[in-house]
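Coordinates in review
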Amino acid sequence: MILTGKHLSRRHFLRGVGTVIALPVLDSMIPAGFGQVAKAATAAAKAPTRLSFVYVPNGIVMNNWTPAAEGADFVLPSILQLLAPYRSQATVISGLINHQANALGDGGGDHARAGASFLTGSHPKKTGGSDIHAGISADQVAAQQIGGATRLPSLEIGLDDNRVVGHCDSGYSCAYTNSISWRGPATPLPPESNPRLLFERLFGDFDPSVSAETRARRANDRKSILDSAREEAGRLARDVGAADRRKLDEYLTTVREIEQRIELAEKSPAPADPGIDKPSGIPSDFGEHARLLYDLQALAFQADLTRIATMVIGREGSVRTYEEIGVPDPHHPLSHHRGRAEALEKLTKINTYHMQLFAHFLERLRTMKEGDGTLLDRSMVLYGCGISDSDRHIHENLPVVVAGGGNGTFAGNRHVRVKENTPVTNLYLSLLDRMGVRADVLGDSTGKLEI
Amino acid sequence: MPPLRPGTLLLVPLALLLFPGCESHSAANGSSVQTAPAMAATTAPAAQPPSAAVAARDVGFAHTIRPFITDNCFDCHDAATQKADLNLEALAGDAQSVVRQREKWELVYDKLRHGEMPPKDQPRPDAGQLGATTRWLAGEFDRQDASAPPSVGHVAVRRLNRSEYDNTVRDLLGVDFHPGDDFPPDDSGYGFDNNGDVLSLSPLLMEKYLKAAEKVARTAVFGVEPLKPSSYTHQPWYIDFDTTKAVKQDYDETGLSMPYALHVMHRFPVEADYDLTSIHRGFMPVGADPCHLGLWIDGKLVHEGYLTARYDGEMNGLYDKFRVHLTAGEHWIAVSILKIYDGLPPAYGGPHPNQSKERVGKSPTEHFVSNLVVTGPYDQVTGPTAASVAKLYRGQPPQGAVTPARVREIVSDLAHRAYRRPVTAAEVDELAGFVARVQREGDSFEEGLCLAIERMLISSNFLFRLERDPAPGAPRPLDPHELATRLSYFLWSSMPDDELLRAADEGRLSTPAAVETQVRRMLQDPRAFALVENFGGQWLQFRALESHTVERKAFQGYTDYTRMSMQRETEEFFRYIIREDRSVFDFVDADYTFLNERLADYYGIPGVKGTEFRKVALPPESHRQGVITQASVLTVSSYANRTSPVIRGKWILENILNAPPPPPPPNVPSLKEEEIGVSKSMREQLEAHRANPVCASCHARMDPLGFGLENFDAVGAWREKIGTFPVDATGSLPDGRTFTGPVQLVSTLKVDKSDFAECIADKLLTYALGRGLTFADRGAVRHISSQLSADDRFSRLVLAVVNTPQFQLRAPAPSPAAPVASAP
């Protein structure tokens, strides 16, 4: 069940039960015409720009990543060689820093900080539980401003089984390593790892046997119970203390958001048929899992269900092993390589494997036509890590590459070296600007990066 | 174990046990949190002590504390050096410093008590002075705690986590399909995923709640919707078999323990028939009898089949299909090759060889079960289950027209249980209104009931455990329903049952005796297994076993069956401690455990046959005692391909000794373990690492504990060598006591029971409250652990937790000025 080749095979997935019960759930979020083939009715309007962030853990072997020359005339080092087919739409950016991941007096925990600060530019508060605090992340700044235009404001995807136990890194709550996407300083967004659940979220669970009338009535029922539950919580919120009110406010906000989504779905044009069957669950093979999640992200972009996504290939400090590519060693301990050739070689293998999966995503986007271009032309996909050399937890000179044309705003085939001490958040401001998102400051940013 | 001396454990500094010469001082340690402090003059409130008391304490401080820290600590922690940002010179003024800077003094106390400070390369302090210092500090802490108003901490409103949600809908509506499996994972804080502060609510989760509410309501009222058959292929891990191994003479005739068997857990959505197809791979020796395989469900053989290899012995792709009726829920399915040596040519040496003359170069172990395909459901059982009917209607489902009064009765009873408190007439009106509206629109009563249930299941009253905040000022006792709810989610991870709810309704939870009766009843209820799964699974970390990676080629004995058996062992062990109300110290040093044949083989314990788990005495030659020698714990505290004395040592410090090491300092490279067993022994490598003084301060505590377990490999099996080096399992405790091997390590750990007593008290209180503990809770932890010196049974521990003010009282919300992160 590996998706390969230049097109998405239809009806390719196992029609698994596993734990699935096929009830028509949340079909109220499925526009009435769904199920019939309906081409995206976006042709007339200007095609939207898409923004995606892909995070890989535990640093990169920078010697095999950073091109020697700057400008357009550079040789792709070994890890980046898989980007050769997309070179004309890819920019390698060297020299960015993620200063908020440094200890700054907080001691150990570089991995947790690297993940939590990468998109937020905020120094995460060291805590094992209560009062977790980082900052809003770049993708969520975009989601809050332009996410309302699509059925889902943003997508958060990750490959890790998040049933982690205990503290995740030196006294930092697991919330910091699980999520790179933060809706607000205290609200990490948990990534979805199960392709089946992601599929259901994107495409619902359409059941042709349910009539449009029944579906409309269910949407109505849902709205009525949500409305009544919201009023009830509003009354409760008046009687509780500040800390509890925060929890109830969170509830009220989310209920309102679901109500809005149902209303939006009633007004929206039907999305395109996803063209694939519902996945049955989490594939046991890592590469297959990653490709499937990338495919679903591409489909979500194509159907314009969302324009903003984050994907965590591995949480910071991941101890995943990669026996399938000849690396039985757990990734995190291996990344403390102490300069040993054998360890560096294995790390390079992991880095290259991740890049190979990323290239699969770019290929998907490139083969998806939209108007007179491709989805890759419309997108900006940032790939990187909050650590460069994991051996000593270096948060400078980060590995960052941006692929895609950004709707004609982003030139490719470049290796750019930025001025020393440029926060990576400056780059995000620059990307957000191209999305039409107004943001002057993000975390520790010092200004928009001209690139 | 030596007998406990009642009353002496609570505050006996470790130093007394280190320096037996100081035992004569132990009489001064009779104080506990609730008894009068040793110094009679110090009972006045901490805030404004009478001057005489202040003077007396200042004298004590000046005589005992100041000289001690001046002599022993100022080398590093004076105003000029301030190592680790600790300036003790600034704290050495007078006794009020211990009031104002309580947290720093608690740290000093901990470091002295655990023998961590002064560091090993410094002269040891005089034992008598050390004892006097820790005793004085402990007495001063108690004095402050006894005189201060009770600080019970504020428990944030808690959202149900995934397992609580699943259990609650099961107990509310008789629906048991684990809707929570589809929810995003809950974050955990302070080691547990029931921490109110980190249990946030994302739009994604709200979407899933809405979805689950409909699915749960319809399943309860109408039964599971008919499903189209579909199939799911399990592809468990398989290994390249080592074909050079000699044929086993004494083998497990079920075949379940063999590496070529297949074991999976599968959750079946509905009660129905299913096709189970096992697909095979590999080769059989030409001329052997057909392969005789067995299909097992939940450990019982339900089907036997025969597969004949192709002419060249190839088995690839051959399959055996069997249809079986299964109940909804999770089942353990296994396919084994029964009697693998039977029928093989005599050269294989099995007990029952066939008479074939042929001999080919293929080993029998090259054949294995590679996949299991589950297809179904067929002939699905339809309609609501008896359990759901009973929960919904408390009797027969209504026939014909349902009167408005009956509707109100039904929704009122459901809401009473769903909200875990009495409901108001207005709430019943609104719920009954949903039923009436749906009926007005022409649908049935049942459709209306579904909508009313959906409404309840997305209510903040259902999804959150709400407790009313008292007015600013003093904490208030929980009302009976809040108390019942805290009890049921603590012990069952679920809602109160009818009996507990009734006790709350009737005001019968107001006395400690009534609460004790309920707690004892609840601990004996099967639902108390939630405590094993959720508390035990996270404290002992065996919940992580399923997602823990093991390099299987290097550890061929670690099959899925082994992993499942390891987890079962620890679960059964914990369940037994609860059910039989055993001593909590059994966790440390039990000389028994629970094994099936697979694990008994693994541990080298003879005489255990079959798949059933049973209590087994641990003989000395097993080298095992207590949880730290159970394979589940040994595995999750290892890397995929090797052991880590560092992780194991840290595990013991955190989970047994209650002395978690601080996080590593900034930019210290982690220990390089890659070369272990290659060029040097692990011990030499770690010793080189500890030569760095920055590393040494913590690793000198962690590593030597972990060394004691080095005879257990990365999957908990016994070994005598690591690579080419013989295992050296000598180690030491932070205070310097030494030991060799796991059994001596356990004996050393159990000498001072108060460490473990405080550790389990700390963990269980954290879990029960759903919040991280602070310094203000340390008195409660010490008080819980002190009760274990008189009665160390598990129920006493639970009751001690339940009886803390932290559990029984609700504090006013912290003032808005407190550093609470604001929502965006």
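Residues numbered from 1 in each chain as written. Chains lettered and ligands numbered in written order. Predicted model: local features only at pLDDT ≥ 70, side-chain atom pairs only at ≥ 80, totals over all residues.

**Some remarks on the overall build of chain A**
Put simply, the rule is: To qualify as a helix, a DSSP run of H or I must reach at least 4 residues; to qualify as a strand, a run of E must reach at least 2; elements of each kind are numbered from the N terminus. Using C-beta atoms placed from the backbone, we call a residue buried if 20 or more other C-beta atoms fall within 10 Å of its own, exposed if 12 or fewer do, and partly exposed for counts in between. Each residue is represented by a C-beta atom placed from its backbone, and any two residues with such atoms within 7 Å are regarded as in contact.
Per the secondary structure count, chain A includes 11 helices and 11 strands. Out of the 451 residues in chain A, the part that is buried amounts to 59%. Counting contacts in chain A only where the partners sit at least 6 residues apart, residues at least 24 apart contribute 72% of the total.

**A closer look at the overall build of chain B**
Scanning chain B from terminus to terminus reveals 29 helices and 18 strands. Expressed as a percentage of the 824 residues in chain B, the buried residues total 50%. Considering only residue pairs separated by 6 or more positions, chain B has 72% of its internal contacts joining residues 24 or more positions apart.

**A short note on unusual backbone geometry**
Both trends apply: most residues other than glycine have a negative phi, and most peptide bonds are in trans. Residue and element names in this part refer to chain B. Backbone torsion omega between Gly376 and Pro377 reads 0 degrees, so that peptide bond is classified as cis. Secondary-structure assignment places Pro377 in strand S9 (residues 368–378). Positive phi values are uncommon outside glycine, yet Asp298 reaches one of about 50 degrees. When you line up the elements, Asp298 lands in the loop between strand S5 (291–297) and strand S6 (300–307). Residue Asp298 is classed as exposed on the basis of its 12 C-beta neighbours within 10 Å. Despite not being glycine, Asn658 has its phi angle at roughly 60 degrees, a positive value. Position of Asn658 among the secondary structure elements: in the loop between helix H22 (645–655) and helix H23 (682–690). The exposure class assigned to Asn658 is buried, which follows from the 21 C-beta atoms found within 10 Å.

**Quick look at the sheet that holds strand S6 (residues 308–312) of chain A**
Residue and element names in this part refer to chain A. What counts here: We call two strands paired when DSSP finds no fewer than two bridges between them. Axis definition: a line fitted to C-alpha atoms, limited for helices to the stretch in contact. Angles are taken between N-to-C directions and run from 0 to 180 degrees.
In spatial order, the strands read S3-S6-S1-S9-S10-S2-S11; together these 7 strands make up an open sheet with mixed pairing. Lying at the two open borders of the sheet, with one neighbouring strand each, are strand S3 (155–158) and strand S11 (414–423). For this sheet, the mean inter-axis angle between neighbouring strands, taken without regard to orientation, is 20 degrees. Sheet analysis places S3 next to S6, joined by 4 bridges and oriented parallel. Each residue of the ladder has a partner; that of Ile157, found in S6, is Met311.

**What to know about the environment of Thr348(A)**
Residues and elements named next belong to chain A. Here Thr348 shows up in helix H9 (residues 341–367). Along the backbone, Thr348 and Asn63 are 285 residues apart, and their C-alpha atoms lie at a distance of 9.5 Å. Among residues more than four places away in sequence, those in contact with Thr348 are Val61, Asn64, Ser78 and Ile79.

**A few points about the pairing of strand S2 (residues 90–97) of chain A**
Residues and elements named next belong to chain A. Within S2, 6 of the 8 residues are buried, which leaves it mostly tucked inside the rest of the structure. Relative to strand S10 (residues 400–403), S2 runs antiparallel, the two being bridged by 4 bridges. By the bridge assignment for S10, Ala90 is matched with Ala403. In this structure, S2 lies alongside S11, joined through 6 bridges in parallel fashion. Each bridged residue has a counterpart across the sheet, and for Val92 the counterpart in S11 is His415.

**A closer look at the packing of helix H10 (residues 404–418) of chain B against helix H12 (residues 445–457) of chain B**
Residues and elements named next belong to chain B. For clarity, the cut-off: With respect to orientation, any angle under 35 degrees is reported as roughly parallel, any angle over 145 as roughly antiparallel, any angle of 65 to 115 as roughly perpendicular, and every other angle as oblique. A crossing counts as left-handed when the near helix is turned anticlockwise from the far one by less than a right angle, and as right-handed when that turn is clockwise.
Running from amino to carboxyl end, H10 crosses H12 at an angle of 20 degrees, the nearest separation of the two axes being 11 Å. Compared by their axis directions, H10 and H12 come out roughly parallel. In this structure, H10 meets H12 at a crossing whose hand is right-handed. Residues Ile410, Val411, Leu414, Ala415 and Ala418 of H10 pack against Leu449, Ala452, Ile453 and Met456 of H12.

**Here's the deal with helix H5 (residues 212–238) of chain A**
How we decide: To estimate how far a helix should reach, multiply one less than its number of residues by 1.5 Å.
In a regular helix each residue adds 1.5 Å, so 27 residues correspond to 39 Å; H5(A) covers 39 Å between its end C-alpha atoms and thus fits that length. For H5(A), the full list of buried residues reads Ala219(A), Asp221(A), Arg222(A), Ile225(A), Leu226(A), Ala229(A), Arg230(A), Ala233(A) and Leu236(A).

**Things to note about the confidence of the model for chain A**
Our working rule: Confidence of the predictor at the level of single residues is captured by pLDDT, which takes values from 0 to 100.
Here chain A shows a mean pLDDT of 83. Residues at 70 or above account for 83%. Taken as a whole, residues 1–44 of chain A scores under 50 in pLDDT and shows 119 contacts with residues more than four places along the chain or in a different chain.

**Description of the nonpolar core**
Under the convention used in this document: Here a nonpolar core is just a set of buried residues of the types Ala, Val, Leu, Ile, Met, Phe, Trp, Tyr and Cys, joined wherever their C-beta atoms sit within 7 Å.
Ranked by internal contacts, the top residues of the largest apolar core, which has 184 residues, are Leu797(B) and Val801(B). Looking at which element gives the most residues to this core, the answer is helix H8 (residues 203–222) of chain B, with 11 residues. Ignoring sequence-local partners within four residues, the contact set of Leu797(B) consists of Val584(B), Ile760(B), Leu764(B), Ile784(B) and Leu788(B). Counting 103 residues, the second largest nonpolar core, distinct from the first, contains Tyr172(A), Phe301(A), Ile308(A) and Ala343(A).

**Overview of helix H4 (residues 195–203) of chain A**
All names here are of chain A. Burial within H4 is extensive, with 9 of its 9 residues counted as buried. Taken together, the buried positions of H4 are occupied by Pro195, Arg196, Leu197, Leu198, Phe199, Glu200, Arg201, Leu202 and Phe203. Contacts made by the buried residues of H4 are with S3 and helix H7 (286–302). Once H4 ends, the next one or two residues include Gly204, with phi positive near 65 degrees.

**Considerations on the environment of Met315(B)**
Residue and element names in this part refer to chain B. With respect to the element layout, Met315 can be found in the loop between S6 and strand S7 (319–326). Sequence spacing of Met315 and Met284 is 31 residues, and the spatial spacing of their C-alpha atoms is 6.9 Å. Sequence-distant contacts of Met315, defined by excluding residues within four places in its chain, comprise His280, Arg281, Gly282, Phe283, Met284, Leu307, Ala309 and His367.

**Let's talk about the environment of Phe203(A)**
Among the structural elements, Phe203(A) can be located in helix H4. A sequence separation of 97 residues divides Phe203(A) from Ala300(A), and the C-alpha atoms of the two residues are 8.8 Å apart.

**Quick notes on the sheet that holds S5(B)**
Residues and elements named next belong to chain B. What the 4 strands build is an open sheet, ordered S3-S8-S5-S6; its pairing is antiparallel. Edge positions in the open sheet fall to strand S3 (262–268) and S6, since each of these has one partner strand only. Geometrically, the sheet is characterised by an average inter-axis angle of 20 degrees between neighbouring strands, direction not taken into account. Sheet topology note: the S3/strand S8 (residues 329–337) ladder contains 7 bridges and is antiparallel. Looking at S8, one finds that Arg267 is bridged to Glu330.

**Considering the confidence of the model for chain B**
Where the model shows low pLDDT, its predicted coordinates should not be examined in detail. All names here are of chain B. Across chain B, pLDDT averages 84, with 85% of residues at or above 70. Counted against residues more than four places away or in other chains, residues 1–48, with its pLDDT under 50, gives 101 contacts. Low confidence marks residues 817–824, where pLDDT is under 50. Its contacts with residues over four positions away, or in another chain, come to 19 contacts. Scored as a complex, the prediction yields pTM 0.73 and ipTM 0.79.

**A few points about the packing of H8(B) against H12(B)**
All names here are of chain B. Just so we agree on the cut-off: Residue polarity is assigned by list, with Asp, Glu, Lys and Arg as charged and Ala, Val, Leu, Ile, Met, Phe, Trp, Tyr, Cys and Pro as nonpolar; anything else, Gly included, falls into the polar class.
Contact geometry of H8 with H12 gives a least axis separation of 9 Å together with a crossing angle of 140 degrees. Classified by the angle between their axes, H8 and H12 sit oblique to one another. Of the two elements, H8 crosses H12, and the hand of that crossing is right-handed. Of H12, the residues touching H8 (which contributes Ala213, Glu214, Val216, Ala217, Arg218, Ala220, Val221 and Phe222) are Glu446, Leu449, Cys450, Ile453, Glu454 and Leu457. In terms of residue class, the contact of H8 with H12 is made up of 10 nonpolar, no polar and 4 charged.

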